[in-house]
Amino acid sequence: MIRRATPTDVGAITGLIYELAEYEKARHECTVVPEQIEAALFGPEPAAFAHVVEVPAADGPTVVGTAIWFRNFSTWDGVHGIYLEDLYVTPEHRGAGYGTALLATLAEECVTKGYTRLAWSVLNWNTPSVGFYESLDAVAQDEWTTYRLSGDALAALATRVP
């Protein structure tokens, strides 16, 4: 079952984020705590949203996948879109259509709300994911390069405010 995340899913979502960080060989960079996820998803002004995959288990329904996203805005189209920050399904549940179902749910959200884009990034070496996205007719935006400021570089630039 694909559904919107609820506050009771925060622990599971945080665990899945750490699993994704491990898969992406960047576990050492992941420092999020459940309280941050709860505030981002369910605080007074949510900045992000999430859907989860829930499957039956002997001890009750279990969350085995998530899509964490936020709204972006296209100045060219003049409307919002969705940026998918994280898509993750546990290894033992891959191949069952859950990733496709999560993306289809976000596509439906876009269509229903009049959003014109569903976008995300994938690591170049992650060939299983690249193949999966291409099987859905997603198009790589190869002409764009993503930049990031963080840590000391972010702090240094912040001191340059006139």
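For the structure itself, look to the data block above.
Every value quoted in this text rests on a predicted model; they were computed, and no experiment measured them. (Residues numbered from 1 in each chain as written. Predicted model: local features only at pLDDT ≥ 70, side-chain atom pairs only at ≥ 80, totals over all residues. Heavy atoms only, no water.)

Q: What is the right way to look at the overall build of the chain in this model?
A: Broken down by element type, the chain carries five helices and five strands. Reading the helices (α) and strands (β) of the chain from amino to carboxyl end gives β-α-α-β-β-β-α-β-α-α. The C-alpha atoms of the chain give a radius of gyration of 17 Å, which matches the 15 Å a tight globule of 162 residues would have. Across its three principal directions, the C-alpha atoms of the chain cover 60 × 35 × 35 Å. Split into buried and exposed, the 162 residues of the chain put 31% on the buried side. Partitioning the contacts of the chain with sequence separation of at least 6, the portion at a separation of at least 24 is 53%. Counting only carbon and sulfur atoms, one obtains 57% of the accessible surface of the chain, whose full area is about 10600 Å². Side-chain charges in the chain split into 10 positive and 21 negative, and the spacing between the mean points of these groups amounts to 4 Å. (Helix = DSSP H or I, 4+ residues; strand = E, 2+ residues; numbered from the N terminus. Rg over C-alpha atoms; globule rule 2.2 N^0.38 Å. Buried < 20%, exposed > 50% of the residue type's maximum accessible area, 1.4 Å probe, protein only. Contact = heavy atoms within 4.5 Å. Areas by Shrake-Rupley, 256 points an atom, 1.4 Å probe, with all protein chains shown as cover. Lys, Arg positive; Asp, Glu negative; His and termini not counted. Charge placed at Lys NZ, Arg CZ, Asp CG, Glu CD.)

Q: What am I meant to see in the pairing of strand β3 (residues 62-74) here?
A: For a regular strand, side chains alternate in direction, first toward one face of the sheet and then toward the other. Here strand β2 (residues 49-55) runs beside β3; their pairing, made up of seven bridges, is antiparallel. By the bridge assignment for β3, H51 is matched with A67. In this antiparallel pair of consecutive strands, β2 and β3, the connection spans six residues, and G60 shows a positive phi of 115 degrees. Bridge analysis of β3 against strand β4 (residues 79-89) gives ten bridges, and the strand direction is antiparallel. Within β4, the residue paired with R71 across the bridge is I82. The turn joining β3 and β4, which pair antiparallel and follow one another in sequence, is formed by four residues; a positive phi near 75 degrees is taken by G78. (Pairing = 2+ DSSP bridges.)

Q: Just checking my understanding: could you explain the sheet that holds β2 for this structure?
A: Each strand in a sheet pairs with another by means of backbone hydrogen bonds, the pair being arranged parallel or else antiparallel. Read from one edge to the other, the open sheet built from five strands follows the order β1-β2-β3-β4-β5, with strand pairing classed as mixed. The open sheet has two edge strands with one neighbour each: β1 (2-4) and β5 (118-120). Along the sheet, successive strands turn relative to each other by an average axial angle of 35 degrees, direction set aside. Across the sheet, helix α1 (residues 10-23) lies against β2, β3 and β4, angled at about 80 degrees from β3, the strand it touches most. Along the sheet, helix α3 (residues 98-113) makes contact with β1, β2, β3, β4 and β5, crossing β4 at roughly 170 degrees. (Axes fitted to C-alpha atoms, helices over the stretch in contact; angles between N-to-C directions.)

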